[in-house]
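Structure assessment
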Amino acid sequence: MTSDTPRRRRKAVIWIAVVAAVVIVGVVAAIVGTKLYTSSENAKASAAPSVAASRAPSTLDTADLSGTWTVGGDSEAGYRVHEVLNGSDVTVTGRTDRVTGSATVDGTAITKATITVQVADITTDSAQRDSYFRDSALDTSAFPTATFTLTEPIADAVPSGSGTTKVEATGRLTLHGVTKSVTATLEVGLNGDGVDVSGSIPVTFSDFGVQAPSLGFVQVDDAGAVEFLVHATPAS
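Residues numbered from 1 in each chain as written. Predicted model: local features only at pLDDT ≥ 70, side-chain atom pairs only at ≥ 80, totals over all residues. Heavy atoms only, no water.

Description of the pairing of strand β7 (residues 164-175)
The condition is simple: A 1.4 Å probe rolled over the protein chains alone gives each residue an accessible area, and that area as a share of the maximum for its type sets the label: buried under 20%, exposed over 50%, partly exposed in between. Helix and strand assignments follow DSSP, with helices taken as H or I runs no shorter than four residues and strands as E runs no shorter than two, numbered in order from the N terminus. Between any two strands, at least two bridges found by DSSP are needed for them to pair.
Here β7 shows a clear split, with Thr165, Val167, Ala169, Gly171, Leu173 and Leu175 buried on one side and none of Thr164, Lys166, Glu168, Thr170, Arg172 and Thr174 buried on the other. Bridge count between strand β6 (residues 145-150) and β7: four bridges; the pairing is antiparallel. Residue pairing across strands places threonine 149 opposite arginine 172, the latter belonging to β7. Where β7 and strand β8 (residues 178-191) come together, twelve bridges link them in antiparallel fashion. Following the sheet pairing, leucine 175 is matched in β8 by valine 178. Hairpin geometry of β7 and β8 is characterised by an intervening segment of two residues between the two adjacent antiparallel strands and by a positive phi of about 60 degrees at histidine 176.

Re the packing of aromatic side chains
We apply this condition: The rule is short: rings of Phe, Tyr and Trp, with Trp giving its six-membered ring, pair when the centres are within 6.5 Å, and they are stacked under 30 degrees, edge-to-face over 60, tilted in between.
Tallied over the full model, the rule gives one aromatic pair. Residues tyrosine 79 and phenylalanine 133 carry aromatic rings whose centres are separated by 4.8 Å and whose planes lie at 20 degrees to one another, so their mutual orientation is stacked. Of the two residues, tyrosine 79 is situated in strand β2 (residues 76-85) and phenylalanine 133 in helix α2 (residues 127-137); the sequence distance between them amounts to 54 residues. In this pair, the class of tyrosine 79 matches that of phenylalanine 133, namely buried.

What about unusual backbone geometry?
For aspartate 139, which is not glycine, the phi dihedral falls at a positive 45 degrees. By secondary structure assignment, the location of aspartate 139 is in the loop between α2 and β6. Looking at aspartate 139, the relative accessible area reads 28%, which means it is partly exposed. Backbone geometry places histidine 176, a non-glycine residue, at a positive phi of 60 degrees.

See the structure below:
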């Protein structure tokens, strides 16, 4: 009986070592897996919208751009949010091309503008995330759109040449049935048959009655940004 004791101790030590190795491998795999996932997700995030440097030469009569403009084709809008997944930072972006609106230009000033986005059509790379966004976060069945309405004219907004201008736009953002005063940072440039306008609006989701999800292993910041790139052409 005495002779078996050292053997049993050796077996116990071996089993402890095996269990410890399995635990260590599991922890390392979880860390590596999380890092790989977050790296992959960050790589999928869309770049911030920007008026392209390689815009097409303008076909408009830039001597007189006054009139009503229509927002439509080649436009997109969406959101950018920051998540923390198991301690790792992840940037998530959602986009839709279902963007409509109109603007009024007087000389080089934008005096009126309204942009409407079909938020129910905003998608990311994850159907599960999109389902939460539509059903739980924004309740798009009740509030299917988000709208920005300009409340103050923007002087010298539209460039007359090939360059771009950077301006700020004051307006009202309606999201999730709540309307708040916001300021958008814009870049404006002529592009082919129209004008491109890109920009972002910082938002705090709780201000609009939207609760950012916190699921233990993933937590979404309460602040994010509405982003857009719209193409407007003279109304016929």
